[in-house]
Amino acid sequence: MNAAQCKMARAAIGLGVRELALKADVSPNTIARLERGEAMRESTVEAVQRALETAGVEFIPENGGGAGVRLRKR
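The model shown is predicted, which means the values in this text are computed figures rather than measured ones. (Residues numbered from 1 in each chain as written. Predicted model: local features only at pLDDT ≥ 70, side-chain atom pairs only at ≥ 80, totals over all residues. Heavy atoms only, no water.)

A. Structural view of the overall build of the chain. Counting secondary structure elements, the chain contains four helices and two strands. Counted from the first residue to the last, the chain has its helices and strands arranged as α-α-α-α-β-β. For 74 residues, the compact-globule formula gives about 11 Å, and the C-alpha radius of gyration of the chain, at 11 Å, lands near that figure. Its C-alpha atoms put the chain at 30 × 25 × 20 Å along the principal axes. Looking at the chain as a whole, 31% of its 74 residues qualify as buried. Within the chain, counting contacts between residues at least 6 apart in sequence, those at least 24 apart form 46% of the total. (Helix = DSSP H or I, 4+ residues; strand = E, 2+ residues; numbered from the N terminus. Rg over C-alpha atoms; globule rule 2.2 N^0.38 Å. Buried < 20%, exposed > 50% of the residue type's maximum accessible area, 1.4 Å probe, protein only. Contact = heavy atoms within 4.5 Å.)

B. Structural view of the pattern of salt bridges. Applying the stated criterion to the full structure yields four salt bridges. Glu38 is paired through a salt bridge with Arg33; the nearest N and O atoms lie 3.3 Å apart. Relative accessible area serves as the criterion here: at 34%, Glu38 is assigned to the partly exposed category. Here Arg36 and Glu38 are joined by a salt bridge, their closest N and O atoms 2.9 Å apart. Arg36 gets classed as exposed once you look at its relative accessible area, which sits at 54%. (Salt bridge = Lys/Arg side-chain N within 4 Å of Asp/Glu carboxyl O.)

Okay, here's the thing in structure tokens:
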């Protein structure tokens, strides 16, 4: 997951920085740093990604058209 994907995913499910931080068990500052593209520990990025996936987001890998996100079909 990259910075843009994190921002798009959070916007798609309507979570604020504080709400996502709570779900991922990290600080709001960590989410802000991640979304600015700062270097993060892999375990931190994975925790945030898991929280977003649990909330209904699917991450689309780079496939020639750019990495992205979408909402999981219910």
